Amino acid sequence: MSQTLKFESSWDKALPEQDRLMIKQVFGQINHETAEQTTTFTPLWQAQNYKGELLVTVVINNYSEDELTFDQAPINYIEDGQVLATHFFTLKTVIIPPKTSMPWAFIYPVENISPQATLNNGVLSWA
């Protein structure tokens, strides 16, 4: 199975070269051959912005034969097996072709983040 890395157009224009290289390196380390699910999220980094929102940047891996879109998609932020943030995402500019991976940042509003979240080692999953 051949998986392609694609950058959304606004990312392609604005992404610093060191981040682009890091994303390419992480993408190269993903074992795409063992994907058991049609969609996976590979963590890159996470942070909180000045509003206290949680920004989780991942590589979205679409292993299916269909385009992947996000229309009211429930995506959880999980630390140590516990859901600590959840949000329904509609991303009009994110259309991931079949057999393609794309980096993206999911932004969780403050009110959707549990006070127990340490923001150190979380992962994303479909709800």
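All of the points below concern the structure found in this document. (Residues numbered from 1 in each chain as written. Predicted model: local features only at pLDDT ≥ 70, side-chain atom pairs only at ≥ 80, totals over all residues. Heavy atoms only, no water.)

## Remarks on helix α2 (residues 17-29)
And then number 1: Between its first and last C-alpha atoms α2 spans 19 Å; for 13 residues at 1.5 Å apiece the expected length is 18 Å, and the two agree.
And then number 2: Listed as buried for α2 are Arg20, Ile23, Val26 and Phe27. Seen from one end, α2 has its buried residues packed into an arc of 130°, which puts them on one side. In α2, the exposed residues that point more than 90 degrees away from the buried face are Gln18, Gly28 and Gln29.
And then number 3: Looking at the buried residues of α2, the elements they touch are β1 (4-5), α1 (9-14), β2 (39-48), β3 (54-62) and β6 (100-108). (Helix = DSSP H or I, 4+ residues; strand = E, 2+ residues; numbered from the N terminus. Expected span 1.5 Å × (residues − 1). Buried < 20%, exposed > 50% of the residue type's maximum accessible area, 1.4 Å probe, protein only. Arc of directions from axis to C-beta. Contact = heavy atoms within 4.5 Å.)

## Topic: the pattern of salt bridges
And then number 1: Counted under the stated rule, the structure contains three salt bridges.
And then number 2: Asp12 is paired through a salt bridge with Arg20; the nearest N and O atoms lie 2.9 Å apart.
And then number 3: Across the pair Arg20 and Glu17 runs a salt bridge, and its minimum N-O distance is 3.8 Å. Of this pair, Arg20 and Glu17 are both found in helix α2, three residues apart, which corresponds to roughly one turn of the helix.
And then number 4: Taking the relative accessible area as the measure of exposure, Glu17 reaches 48% and is therefore partly exposed.
And then number 5: Bridged by salt links that share partners, the residues Asp12, Glu17 and Arg20 form one connected network. (Salt bridge = Lys/Arg side-chain N within 4 Å of Asp/Glu carboxyl O.)

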